[in-house]
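Residue strings, one per chain:
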Amino acid sequence: MRAVITSAEAATVIGKGGENVTQIRRMAEAKCTVSDYQRGAGERILTVSGAVDAVAKAFGLIIRTLNNEPLEEASSPQSKTYPLRLLVPHILIGSIIGKSGGRIREIQEASGARLNASGSCLPLSTERSLVVLGVADAVHIATYYIANTLVEQLTERFGGPAASAYATRSGGPAGPMPGGMQVVPYQPQPLHGSYGNPDTYKRHTNNAQRTPNNPYGIPYLHGPAPAPVPQAPIHYADPQAANAYSGAGPHQPGQAGAGPTPQQGPAPNPMANMLPGQPLTQQIFIPNDMVGAIIGKGGAKINEIRQLSGSVIKINEPQDNSNERLVTITGTQECNQMALYMLYSRLESEKHRI
């Protein structure tokens, strides 16, 4: 299984002198490799291979490493969430989604993680991203079910799991695959121009002077909106931002080595004087010429992000001839994290298309 991580995250996973990745390999009994740095690219490819339960355990350990959490302790309500961005061939991702989304809902309910599959292939590839958002144990369990589903499909359609090795360690194509499966693997692209700078999308603010004139918005989905709690600016690039585990109670796979079951309980206070589950408000700026990509035809894209994330999202009209638009996101911290990830993914996709 392949995943996309930032270059900074890659350094954390590897650790000083390879200490972290060596420990992950030893504890999970799986092979973990990180692609070499490509000049100008801010992403690296993380590849984990081995038995299904070993691969799942490795991803759980990787999330703990990225979140600076003890490797041998079960997740708790105080554990941090992380959006793992898996890479899945377009021809296989339908099996993970399932008929009318049935399979993806099953995985979410069994793991407590939230899953979101991208609607299109990543640039210059036939792979799609599958975001698995949750605490380490939830990601561990979700990747176990995802891996099992992939093995079933590979065995049924392409002769076995050997076809999953369609990419080299460097991220390039590995050549002819068993069973004739053809995949163009995603390779991190160099960042170009102002849109390549993540700060273009990540300038958060809580400036009360910039209020919506005629925002795109929908009413609060569950009755009247509670008064939002203004939140200090959070940069999405920081996976260590505090996020409470509030997913459904995961059901542990029976196979050995699948890891501990996350503890259940109410979400802790991520901020002082704040009640669990109380909505937060976060704001970002996006370039005017990217607004259309965020909204989509007839509002289809923005409505999809609202529905999947559970956050209320409003896009302001431009202010004072500004070349940027203010986007206000209101919801629980976990919902907002998913919304921000999906917004940035749309911007990245549009940047590559341009």
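Residues numbered from 1 in each chain as written. Predicted model: local features only at pLDDT ≥ 70, side-chain atom pairs only at ≥ 80, totals over all residues. Heavy atoms only, no water.

If you check an unreviewed UniProt entry, the protein chain appears there as K Homology domain-containing protein from Tuber borchii.

1. With respect to the side chain of Thr143
For the record, the criterion: Strands are runs of DSSP state E lasting at least 2 residues, helices are runs of H or I lasting at least 4, and numbering of each runs from the N terminus. Under the scheme applied here, a residue whose accessible area is under 20% of the maximum for its type counts as buried, over 50% as exposed, and between as partly exposed, the area being computed with a 1.4 Å probe on protein chains only. Residue contacts follow a heavy-atom distance rule, with two residues in contact if any of their heavy atoms lie within 4.5 Å.
Assignment of secondary structure puts Thr143 in helix α6 (residues 136–158). Accessibility expressed as a relative area gives 0% for Thr143, which makes it buried. Excluding anything up to four places from it in sequence, Thr143 contacts Met1, Ala56, Phe59, Leu84 and Leu86.

2. A closer look at the sheet that holds strand β3 (residues 43–49)
As a reminder, the rule being used: Whether two strands pair comes down to DSSP finding at least two bridges between them. The axes used here are C-alpha line fits, helices contributing only the stretch in contact, and every angle between their N-to-C directions lies in the interval 0 to 180 degrees.
Read across the sheet, 6 strands follow the order β2-β3-β1-β4-β6-β5 without closing on themselves; strand pairing throughout is antiparallel. Unpaired on one side and paired on the other, β2 (31–34) and β5 (114–117) mark the two borders of the sheet. Neighbour to neighbour, the strand axes of the sheet diverge by 25 degrees on average, direction disregarded. Where strand β4 (residues 82–89) and strand β6 (residues 127–134) come together, 8 bridges link them in antiparallel fashion. Counted as the bridge partner of Leu87 is Ser129 from β6. Sheet strands touched by helix α1 (residues 7–14): β1 (2–6), β2, β3 and β4. Its angle to β1, the strand with the most contacts, is close to 110 degrees. Taken strand by strand, helix α4 (residues 90–97) contacts β4, β5 and β6, and its axis lies near 125 degrees from that of β4.

3. Considering the packing of α4 against helix α5 (residues 102–111)
For any two helices packed against each other, the geometry comes down to the angle between their axes and how far apart the axes lie. Running from N to C, α4 and α5 cross one another at 65 degrees; their axes reach a closest spacing of 5 Å. Taken together, the residues of α5 that come into contact with α4 (itself represented by Ser95, Ile96 and Ile97) are Gly102, Arg103, Ile104 and Ile107.

4. Looking at the pairing of β4
The element β4 is extensively covered by neighbouring structure, given that 8 of its 8 residues are classed as buried. Of the two faces of β4, both are covered, the one formed by Tyr82, Leu84, Leu86 and Val88 as well as the one formed by Pro83, Arg85, Leu87 and Pro89. Pairing of β1 with β4, which is carried by 3 bridges, proceeds in the antiparallel orientation. Counted as the bridge partner of Arg2 is Leu87 from β4.

5. Observations regarding α1
Put simply, the rule is: Arc definition: it is the arc formed by the directions from the helix axis to the C-beta atoms.
Of all the residues in α1, the buried ones are Glu9, Ala10 and Val13. The arc that holds every buried residue of α1, seen down its axis, measures 105 degrees, which confines them to one face. Turning to α1, the residues buried within the fold contact β1, α2 (19–28), β2, β3, α3 (52–66) and β4. The first or second residue beyond α1 is Gly15, which carries a positive phi of 80 degrees.

6. Observations regarding the environment of Ile141
Assignment of secondary structure puts Ile141 in helix α6. For Ile141, a relative accessible area of 0% corresponds to the buried category. A sequence separation of 81 residues divides Ile141 from Gly60, and the C-alpha atoms of the two residues are 8.2 Å apart.

7. Focus: the pattern of salt bridges
When their charged atoms lie close together, side chains carrying opposite charge are able to pair. The cut-off we apply is this: For this analysis, a salt bridge means a side-chain nitrogen from Lys or Arg found within 4 Å of a carboxyl oxygen belonging to Asp or Glu.
Applying the stated criterion across every chain, the model contains 4 salt bridges. Note that Glu106 is salt-bridged to Arg103, the shortest N-O span being 3.1 Å. With Glu106 and Arg103 both in helix α5, this residue pair falls 3 residues apart, about one helical turn.

8. So, the environment of Ile14
Looking at where Ile14 falls in the secondary structure, it is placed in helix α1. In sequence terms Ile14 and Ile62 are 48 residues apart; their C-alpha atoms lie 9.8 Å from each other. Apart from the residues lying within four places of it in its own chain, the contact partners of Ile14 are Glu19, Asn20, Val21, Val34 and Arg44.

9. Thoughts on unusual backbone geometry
The residue Asn68 is not glycine, and still its phi comes out positive at about 55 degrees. By secondary structure assignment, the location of Asn68 is in the loop between α3 and β4. One non-glycine residue, Leu124, lies in the positive phi region at around 60 degrees. Counting through the fold element by element, Leu124 comes out in the loop between β5 and β6. Look at Leu124 and you get exposed, because its relative accessible area is 68%.

10. A few points about the packing of α3 against α6
Applicable threshold: Comment on the angle field: the value is read as roughly parallel under 35 degrees, roughly antiparallel over 145, roughly perpendicular from 65 to 115, and oblique elsewhere. Handedness of a crossing follows from how the near helix is turned relative to the far one, being left-handed for an anticlockwise turn of less than a right angle and right-handed for a clockwise one.
Interhelical geometry of α3 versus α6 gives an angle of 150 degrees and a closest axis separation of 8 Å. In terms of orientation, α3 lies roughly antiparallel with respect to α6. In terms of crossing hand, the pair formed by α3 and α6 is right-handed. For the pair formed by α3 and α6, the contact residues are Val52, Asp53, Ala56, Lys57, Phe59, Gly60, Ile63 and Arg64 on the first element and Ala136, Asp137, Val139, His140, Thr143, Tyr144, Ala147, Asn148 and Val151 on the second.

11. Quick look at the packing of aromatic side chains
Selection criterion: Pairing of aromatic rings covers Phe, Tyr and the six-membered ring of Trp, with a centre-to-centre limit of 6.5 Å; geometry is then stacked below 30 degrees between planes, edge-to-face above 60, and tilted otherwise.
The tally for this structure, following the rule as stated, stands at 1 aromatic pair. Ring plane angle 85 degrees and centroid distance 5.6 Å describe the contact between Tyr144 and Tyr145, whose orientation is recorded as edge-to-face.

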